[in-house]
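If you want the building blocks of each chain, they are given just below.
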Amino acid sequence: MSSQAGNELEYQSGFGNEFSTECLPGALPVGQNNPQKCPYGLFAEQLSGTAFTAPRESNQRTWLYRIRPSVKHRPYEPLSSELHHNDFSSTPVTPQQLRWKPFDFPKESDDVDFVTGIHTVCGAGDPCTRYGAAIHVYMCNTSMLNRSV
């Protein structure tokens, strides 16, 4: 094997291996695929090339870190129709792609337990009918003392 003008060639060999490249140093997250905050303000997206029923060890996927999300589009506008409605709650349902930044951590001076640290992200349905779902996240920095949910 010879080198041209002192430049050593590097090869990525093998089938089924995992490779990574980056344009700017530190652009790829270390130790995780989908961090809450990507370096350089990039958006993490996974492109899967395997059926969801395939065993985990045969999954083939690609993680992309993009400047803009691949589904960047103009906002939808509501369609006014008497035959079609979405009267599910007091908040209209949106077809927009939704994404949120991570919630701020509580200050060290504030005692936030599980009950005060729970945040509702979204939901649908009505708890009185026992039909629907809600999604919550929580963060806390102290134990629950003499409290219950």
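Model, not experiment: these values are computed from the prediction.

Draft legend 1. Representation of the overall build of the chain within the structure. Each helix and strand in the chain was counted, giving one helix and four strands. Order of helices (α) and strands (β) in the chain, N terminus to C terminus: β-β-α-β-β. Burial statistics for the chain: of 149 residues in total, 9% are counted as buried. Long-range contacts, defined here as pairs at least 24 residues apart, represent 40% of the contacts in the chain between residues at least 6 apart. Total accessible area computed for the chain in this model is approximately 14,200 Å², and 53% of it derives from carbon and sulfur atoms.

Draft legend 2. Representation of unusual backbone geometry in the model. Unusually for a residue other than glycine, Tyr40 sits at a positive phi of about 60°. Among the structural elements, Tyr40 can be located in the segment before β1 (43-48).

Draft legend 3. Focus on the confidence of the model for the chain. Per-residue confidence for the chain gives a mean pLDDT of 76; residues scoring 70 or more make up 79%. Taking the mean pLDDT of every element in the chain, the minimum, 78, falls on strand β3 (residues 118-126) and the maximum, 84, on β1. Between residues 81-87, whose pLDDT stays under 50, and residues either more than four places distant or in other chains, the model counts one contact.

Draft legend 4. Here's a closer look at the environment of Gly49. Looking at the secondary structure, you find Gly49 in the loop between β1 and β2 (61-66). Residues Gly49 and Gln60 lie eleven residues apart in sequence; the distance between their C-alpha atoms is 5.4 Å. Filtering out sequence-adjacent residues up to four positions away, Gly49 remains in contact with Gln60 and Arg61.

Draft legend 5. Structural detail: the pattern of salt bridges. Summed over the entire model, instances satisfying the criterion amount to one salt bridge. With a shortest N-O distance of 3.7 Å, Arg66 and Glu45 are connected by a salt bridge. Of this pair, Arg66 sits in strand β2 while Glu45 sits in strand β1; the two residues are 21 residues apart in sequence, bridging distant segments of the chain. Taking the relative accessible area as the measure of exposure, Arg66 reaches 32% and is therefore partly exposed. Given the relative accessible area of 16%, Glu45 is considered buried.

Draft legend 6. Inspection of the environment of Lys101 at higher detail. By secondary structure assignment, the location of Lys101 is in the loop between β2 and α1 (114-117). Residue classification places Lys101 among the exposed positions, given a relative accessible area of 70%.

Draft legend 7. Representation of the layout of surface pockets within the structure. Estimates place the volume of the largest pocket at around 830 Å³. For the largest pocket, the lining is made up of 26 residues, of which Phe19, Ser20, Arg61, Thr62 and Trp63 are closest to its centre. Considering only residue class, the lining of the largest pocket consists of twelve nonpolar, ten polar and four charged. Here the second largest pocket defines a volume of roughly 570 Å³. What lines the second largest pocket is a set of 18 residues, among which Gln36, Lys37, Trp100, Lys101 and Pro102 lie closest to the centre.

Draft legend 8. Here's a closer look at a nonpolar patch on the surface. A cluster of nonpolar side chains, Leu98, Trp100 and Phe103, forms an exposed patch at the surface whose accessible area comes to about 350 Å². Looking at where Phe103 falls in the secondary structure, it is placed in the loop between β2 and α1.

How each quantity is defined
- Residues numbered from 1 in each chain as written.
- Predicted model: local features only at pLDDT ≥ 70, side-chain atom pairs only at ≥ 80, totals over all residues.
- Heavy atoms only, no water.
- Helix = DSSP H or I, 4+ residues; strand = E, 2+ residues; numbered from the N terminus.
- Buried < 20%, exposed > 50% of the residue type's maximum accessible area, 1.4 Å probe, protein only.
- Contact = heavy atoms within 4.5 Å.
- Areas by Shrake-Rupley, 256 points an atom, 1.4 Å probe, with all protein chains shown as cover.
- pLDDT = per-residue confidence, 0-100.
- Salt bridge = Lys/Arg side-chain N within 4 Å of Asp/Glu carboxyl O.
- 1 Å grid on protein atoms, 1.4 Å probe; cavity = no way out; pocket = protein on both sides within 12 Å on 5 of 7 lines; lining within 4 Å.
- Points joined across faces, edges and corners; volume = space filled by probe spheres on them.
- Nonpolar A, V, L, I, M, F, W, Y, C, P; charged D, E, K, R; others polar.
- Patch = residues over 30% accessible without salt bridge, like charges linked within 9 Å, V, L, I, M, F, W, Y side chains within 5 Å.

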